[in-house]
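Descriptive structure summary
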Amino acid sequence: MTEQGPQAAAPEVPRRNWAGNVRYAARAFHRPTSTDELRRLVAGSTRLRAVGSGHSFNRFGDTDGDLVSLAGLPQTVEVDHERGQVTVSGAMRYGDLARQLHTQGYALANLASLPHISVAGAVATATHGSGQTHGNLASAVAGLELVTADGDLLRVDRDTDRFAGMVVGLGALGLVTRVTVDVVPAFELRQYVRLDLDREALDEALGSAYSVSVFTDWRTPRLREVWRKQAADQPPPSADWLGTTAADEPRHPVLGMPPENCTPQLGEPGPWHERLPHFKLGFTPSSGDELQSEYHVPRAAAADALAALDDVAHLIAPVLLVCELRTVAADELWLSPNHRRDSFVVHFTWIEDTAAVLPVVAAVEERLAPFAPRPHWGKVFVTDPAELASRYPHYADFTTLLSDLDPKGTFRTDVLDRYFPR
């Protein structure tokens, strides 16, 4: 079955990223309205990058060539009932996809905190939600359609050689026009927020529900909030669950921000796509004026990693809006931060002050170094390229794949060249 969404006027190609800390250096901006037009554009380009919803905080996607948005291509959702998969336009936002899927009785197993992000962009950077048994969003990908550097249309699936290297592709292998992902039957969840968790109970809390996020400010040893997204037919947490108390009104992860921006809490049942994200599609996600960093360490190292960060808590707290702790299941994707290891994730939402934040990021990375942290590809990090390469068994394989698919460097950027030299 194929459903084509309403074709509203495509937005302008953004000149800055969502946070505003990156002003794109592109010499020209394009918004093709057909795949053929896109293919001609790519074939005639020497330097080109795609831009999605702009929810990236570094210059991996910046270019001194041309920038192209795929939001003008027709947005379609094609459900394959027999295979349990959906093929969707790469530029479509997860929130829009989720609404259409739900009307047909299907769901995605997990969603990120923000439903505003594009499917192709989130997959390319291994963006994720939370849950000990859930992989990141890229791990659900069963197929890709992309325009390669010579303008050809390439379709690949799980049977394709080096497919595991192509999914988390950092936008460096081609422009992803369509993505096929696994779906599951639609389901309902309830969201409860619990307050003031003892750190000793963190491990139990993270494994207590379908999806769990824990928020802290690094000003006290205790953890400020636990957001539990549990199956709707499961009983609510007890009054004294893990020594916490129940929030008696809706909360926002960032203090001072309106809770109306967030998905319903207080145990109100609702569909999966209105509970798994922290933020509603129609509202400003998080705080907007911010920077973000995120590090994935082995799941078993959670307590030790947090203890290591205690030594720099006095540096973290003054430049922090909020810190989120999550879990992600292992996968086989070459550049996934969760490659072959279940992960504990420490996510920092910083104030919008690059000069103040970067020294703290360096201090965080130094303290986490014994745990071989893998940073989120779309966030702010300062990891040495050689050190980062040592943390991925298939790093050299991806470099070879990149050269094979883009020998002229059409999709390369200065930052990409630094981390994956030719």
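Cut-offs and rules
Residue positions are given per chain, counting from 1 as you read along its sequence in written order. With the structure being a predicted model, the display of local features is reserved for residues of pLDDT at least 70 and the display and counting of side-chain atom pairs for 80 or more, all residues being used for whole-chain, interface and lining totals. Hydrogens and water are ignored here; the side-chain numbers use all heavy atoms of the structure. Think of it this way: any DSSP run of H or I at least four residues long counts as a helix, any run of E at least two long counts as a strand, and we number them from the N terminus. In this treatment the radius of gyration is a C-alpha quantity, and the globule benchmark scales as 2.2 Å times the residue count to the 0.38 power. Throughout, exposure labels follow a simple rule: accessible area from a 1.4 Å probe, protein chains only, divided by the maximum for the residue type, with under 20% read as buried, over 50% as exposed, and the rest as partly exposed. Contact definition: two residues touch when any of their heavy atoms are within 4.5 Å. The Shrake-Rupley method, run with a 1.4 Å probe sphere, supplies the accessible areas, and residue values consider only the shown protein chains as cover. Neither His nor the chain termini are counted; the positive set is Lys and Arg, and the negative set is Asp and Glu. Every charge is mapped to an atom, namely NZ of Lys, CZ of Arg, CG of Asp or CD of Glu. If DSSP finds at least two bridges between two strands, the strands pair. Any residue with an atom within 4 Å of a point lines the site, the site being either a cavity, points on a 1 Å grid over the protein atoms alone where a 1.4 Å probe fits but cannot get out, or a pocket, an open set with protein on both sides within 12 Å along at least 5 of 7 lines. Grid points are joined across faces, edges and corners, and a volume is the space filled by probe spheres set on the points. Only Asp, Glu, Lys and Arg are considered charged in this grouping, and only Ala, Val, Leu, Ile, Met, Phe, Trp, Tyr, Cys and Pro are considered nonpolar; every other residue, Gly among them, is considered polar. Note on terminology: a nonpolar core comprises buried Ala, Val, Leu, Ile, Met, Phe, Trp, Tyr and Cys residues joined through side-chain atoms within 4.5 Å. Note that the arc is computed from the directions linking the helix axis to the C-beta atoms. The working definition used for a salt bridge is a side-chain nitrogen of Lys or Arg within 4 Å of a carboxyl oxygen of Asp or Glu.

**A short note on the overall build of the protein**
Counting its secondary structure elements, the protein contains 11 helices and 20 strands. Here the C-alpha radius of gyration of the protein, 21 Å, is about what a compact globule of 422 residues would show, namely 22 Å. Based on the C-alpha atoms only, the size of the protein along its principal axes is roughly 65 × 45 × 35 Å. Evaluated residue by residue, the protein yields a buried proportion of 58% over its 422 residues. Partitioning the contacts of the protein with sequence separation of at least 6, the portion at a separation of at least 24 is 72%. Working note: accessible area of the protein is about 16500 Å², and carbon and sulfur atoms make up 51% of it. For the protein, the distance from the average position of its 40 positive side-chain charges to the average position of its 54 negative side-chain charges is 3 Å.

**Side note on unusual backbone geometry**
Phi is mostly negative for residues that are not glycine, and the peptide bonds are mostly trans. Unusually for a residue other than glycine, tryptophan 218 sits at a positive phi of about 60°. With respect to the helices and strands, tryptophan 218 occurs in the loop between β13 (211-216) and β14 (223-231). Even without being glycine, arginine 340 reaches a positive phi, approximately 55°. Here arginine 340 is to be found in the loop between β18 (320-328) and β19 (343-350). Taking relative accessible area as the criterion, arginine 340 reaches 53% and is therefore assigned exposed.

**Remarks on the pairing of strand β10 (residues 175-182)**
The pairing of strand β6 (residues 85-89) with β10 spans 5 bridges and is classified as antiparallel. The residue of β10 that forms the bridge with serine 89 is arginine 178. Relative to β10, strand β8 (residues 141-147) runs antiparallel, the two being bridged by 6 bridges. Looking at β10, one finds that valine 147 is bridged to leucine 175.

**Quick word on the layout of surface pockets**
Size it by volume and the second largest pocket reaches roughly 340 Å³. If you go around the second largest pocket, you meet 18 residues; those closest to its centre are Thr87, Ala142, Gly143, Asp157 and Thr180. Residue assignment for the lining of the second largest pocket shows that the elements contributing at least two residues are β5 (76-80), β6, β8, β9 (153-157) and β10. Broken down by element, the residue count for the lining of the second largest pocket peaks at 4 residues, all from β8. A class-by-class count of the residues in the lining of the second largest pocket yields 5 nonpolar, 4 polar and 9 charged.

**Re the nonpolar core**
Ranked by internal contacts, the top residues of the largest apolar core, which has 107 residues, are Phe348, Trp350, Trp377 and Phe420. Considering each element in turn, this core owes the most residues, 6 residues, to helix α8 (residues 354-368). Apart from residues lying up to four places away in sequence, phenylalanine 420 is in contact with Leu170, Leu335, Trp377, Tyr395, Phe398, Thr399, Leu402 and Arg412. Counting 11 residues, the second-largest nonpolar core is a separate cluster that includes Leu41, Val42, Val147 and Leu175.

**Description of empty space enclosed by the protein**
Applying the stated criterion across every chain yields a total of 2 cavities of 30 Å³ or more. The volume enclosed by the largest cavity comes to roughly 40 Å³. Lining the largest cavity are 13 residues, with Gly129, Ser130, Ser213, Leu276 and His278 positioned closest to its centre. When residues of the lining of the largest cavity are traced back to their parent elements, those giving at least two are β13 and β18. Within this model, the second largest cavity holds a volume of roughly 30 Å³. Residue lining of the second largest cavity: Arg199, Thr216, Trp218, Thr220, Leu223, Leu306 and Leu325, and that is the complete set. Here the residues of the lining of the second largest cavity are counted per class, giving 4 nonpolar, 2 polar and 1 charged.

**Notes on helix α6 (residues 302-310)**
If you check which residues of α6 are buried, you get Ala302, Ala305, Leu306, Ala308 and Leu309. Along the axis of α6, the buried residues cluster in a sector spanning 155°; they form a single face. Residues of α6 that are buried in the fold lie against α5 (202-206), β17 (291-298), α7 (313-316), β18, β19 and α8.

**Quick word on the pattern of salt bridges**
This structure, assessed with the given rule, holds 25 salt bridges. Salt-bridge contacts for aspartate 64 lead to arginine 47; the nearest nitrogen and oxygen are separated by 3.3 Å. Taken together, the residues aspartate 64 in the loop between β3 (48-51) and β4 (66-69) and arginine 47 in the loop between α1 (35-43) and β3 connect sequence positions 17 residues apart. Across the salt bridge formed by aspartate 80 and arginine 83, the nearest N and O atoms sit 3.7 Å from each other. On the accessibility criterion, aspartate 80 (30% relative accessible area) is partly exposed. A residue is classified by how much of its surface remains accessible, and arginine 83, at 63% relative accessible area, is exposed. Put simply, Glu78, Glu145, Arg155 and Arg178 are held in one network by salt bridges that share partners.

Note that every value here comes from positions in space, so none of it alone points to a role or purpose.
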